[in-house]
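# Observations on the model geometry
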Amino acid sequence: MSDNNKNVRLYFAPQSFPCGPDSSCCGPVGQAQEELEQWAQQIKAALPEVTVDFIDVTKPLRLDRDGAVIRLLNSFGLQACPIFAVGREIVSMGPPVTDELIPLIAAKLGGAESGA
């Protein structure tokens with residue numbers, strides 16, 4: 001992998017309440033910090049050598065690193081988040097099933113480990 005051999009990037013949209021926190025017309029949009037931390041902890045517990053970087057998609061992204069993510073966001077909008085990537089490859093988009101995500105990450109990293 002070009003950035004870091006054992007690095008996973010978790011792209012997210014910070015949770016917001018477009019119609020207000022107590023609105024009955026729609027719920028929150030984006031991911032809560034607790035969700036992000038939980039996914040990162042599950043990945044690190046199964047793959048201890050892996051680091052997870054959080055990247056806020058509402059801030060400028062880097063075309064050289066984030067090109068695939070930019071294309072997903074242009075096609076699907078913030079509904080694509082969270083997006084998990086290893087190197088320049090997307091591993092998962094949308095809320096993950098961790099038992100499926102971890103083996104995919106391990107495979108992308110070239111490892112045989114798949115603890116879940």
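Details of the structure are given in the entry above.
Below is a short write-up of the structure. (Residues numbered from 1 in each chain as written. Predicted model: local features only at pLDDT ≥ 70, side-chain atom pairs only at ≥ 80, totals over all residues. Heavy atoms only, no water.)

### Looking at the pairing of strand β2 (residues 51–56)
A regular strand carries its side chains on alternate faces of the sheet. Threshold: Paired strands, as defined in this entry, are two strands with at least two bridges between them according to DSSP. The secondary structure listing takes helices from DSSP runs of H or I that are at least 4 residues long and strands from runs of E that are at least 2 residues long, numbered from the N terminus. Orient the strands so they point away from the viewer; a crossover is then right-handed if the path from the first strand over the helix to the second runs clockwise.
Relative to β2, strand β1 (residues 7–12) runs parallel, the two being bridged by six bridges. Residue L10 lies in a different strand from β2, and its bridge partner there is F54. Handedness of the β1-helix α1 (residues 33–46)-β2 crossover: right-handed.

### Re the pairing of strand β4 (residues 89–93)
Of the pairings in the sheet, the one linking strand β3 (residues 83–86) to β4 comprises four bridges and is antiparallel in character. Bridged to I83 within β4 is M93.

### Quick look at the pattern of salt bridges
Note the threshold: Here a salt bridge means any side-chain nitrogen of Lys or Arg lying within 4 Å of a carboxyl oxygen belonging to Asp or Glu. Working definition: with a 1.4 Å probe on protein chains only, accessible area under 20% of the residue-type maximum means buried, over 50% means exposed, and in between means partly exposed.
Counted by the stated rule, this structure contains three salt bridges. Across the pair R62 and D64 runs a salt bridge, and its minimum N-O distance is 3.3 Å. Among the ionic pairs, R65 bridges to D66, the shortest N-O distance being 2.7 Å. On the basis of relative accessibility, which here comes to 0%, the residue D66 falls in the buried class.

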